[in-house]
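Structural characterization, general
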Amino acid sequence: PKLSVVLDIVRSDGRHLQQERLKPPYYGYWGRPTGKIRWGETMLEAAARELMEETGLTADLTVLGFYHKLDYKADGELLEDKYFCLVRGTNPSGELVVETEGQRNEWLTDEEFEAKEKRFGNLDDVKPLIRDDGHFILEKQFTYPEDDY
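Residues numbered from 1 in each chain as written. Predicted model: local features only at pLDDT ≥ 70, side-chain atom pairs only at ≥ 80, totals over all residues. Heavy atoms only, no water.

Description of the overall build of the chain
Of the regular secondary structure elements, the chain holds three helices and eight strands. The order of helices and strands in the chain, counted from the N terminus, is β-β-β-β-α-β-β-β-α-α-β. In the chain, buried positions account for 47% of the 149 residues. Taking the contacts inside the chain whose residues are at least 6 apart along the sequence as the reference set, 68% of them involve residues at least 24 apart. (Helix = DSSP H or I, 4+ residues; strand = E, 2+ residues; numbered from the N terminus. Buried < 20%, exposed > 50% of the residue type's maximum accessible area, 1.4 Å probe, protein only. Contact = heavy atoms within 4.5 Å.)

Here we look at the packing of aromatic side chains
For any two aromatic rings, the description comes down to two numbers: the centre-to-centre distance and the angle of the planes. The full count for this structure, using the stated rule, is four aromatic pairs. Considering the side-chain rings of Y26 and Y29, the 5.9 Å spacing of their centres and the 80° angle between planes classify their relative orientation as edge-to-face. By relative accessible area, Y26 is classed as buried at 2%. Aromatic rings pair up to connect Y26, Y29 and F120 into one cluster. The ring of Y26 carries K69 above its face, with NZ or CZ at 5.8 Å from the centroid. The ring of W30 has K116 lying over it, and the distance from NZ or CZ to the ring centre is 4.4 Å. (Phe/Tyr/Trp six-rings, centres within 6.5 Å; stacked < 30°, edge-to-face > 60°. Lys NZ or Arg CZ within 6 Å of the ring centre and 35° of its normal.)

Notes on the environment of Y83
Looking at where Y83 falls in the secondary structure, it is placed in strand 6 (residues 78-93). Among the residues examined, Y83 registers a relative accessible area of 37% and is labelled partly exposed. Along the backbone, Y83 and P1 are 82 residues apart, and their C-alpha atoms lie at a distance of 6.9 Å. Contacts of Y83, omitting those with residues within four sequence positions, involve P1, K2, L3, S4, Y67 and H68. Among the polar contacts made by the side chain of Y83, one reaches the side chain of H68 at a distance of 3.5 Å. (Polar contact = N/O pair within 3.5 Å; in protein donor to acceptor, adjacent residues only side chain to side chain.)

With respect to the sheet that holds strand 3 (residues 30-31)
Hydrogen bonds between backbone groups are what pair the strands of a sheet, and the pairing can be parallel or antiparallel. Strand order in this open sheet of three strands is 3-2-7, and the pairing throughout is antiparallel. Unpaired on one side and paired on the other, strand 3 and strand 7 (103-108) mark the two borders of the sheet. Inspection of the sheet shows strand 2 (residues 16-21) paired to strand 7 by six bridges, in the antiparallel sense. Paired with E20 across the strands is R104, a residue of strand 7. (Pairing = 2+ DSSP bridges.)

Some points on the pattern of salt bridges
Overall, the coordinates contain 15 salt bridges when judged by the stated rule. Residue K69 is joined to D71 by a salt bridge in which the shortest nitrogen-to-oxygen separation is 2.8 Å. Judged by relative accessible area, D71 falls into the buried class, the value being 0%. Between K82 and E80 there is a salt bridge, with its nearest N and O atoms 3.0 Å apart. Given a relative accessible area of 8%, E80 falls into the buried group. Taken together, the shared-partner salt bridges connect R38, E41, R49, E50 and E53 into one network. (Salt bridge = Lys/Arg side-chain N within 4 Å of Asp/Glu carboxyl O.)

Section: the environment of W107
You can see W107 is positioned in strand 7. Overall, the relative accessible area of 15% leaves W107 in the buried class. Along the chain, W107 and H16 lie 91 residues apart, while their C-alpha atoms are 5.5 Å from each other.

In structure tokens:
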């Protein structure tokens, strides 16, 4: 399995940093910024590095919880097996990098995010948990159309 961080970066106006993938797999899907945890790196070190690399921002970071995400094709074939460490970021600072080779970053309200055609399904499950500011563990399975992978 892959071990990654997922970043829930929130501004004082309540908008969350969302990211659209501009490369396969999952081209055109929207979700929170993510990135792999490297060998020897702590969860918060990985979160700070990924936040800077993908967005140009820094923030005050806190680990909220973990979830295990299994992605399947419609025929049942396993596509990806990932463990995510969910990290909340508050007081973001710096100038947002809007677009890079692999993604587009945007500050969105929950309503603007939910209006996106392609969204990663796991956020619907995780959102209530991260709103509580408590620690959690979640394990879910998702099926994606073969053309989206």
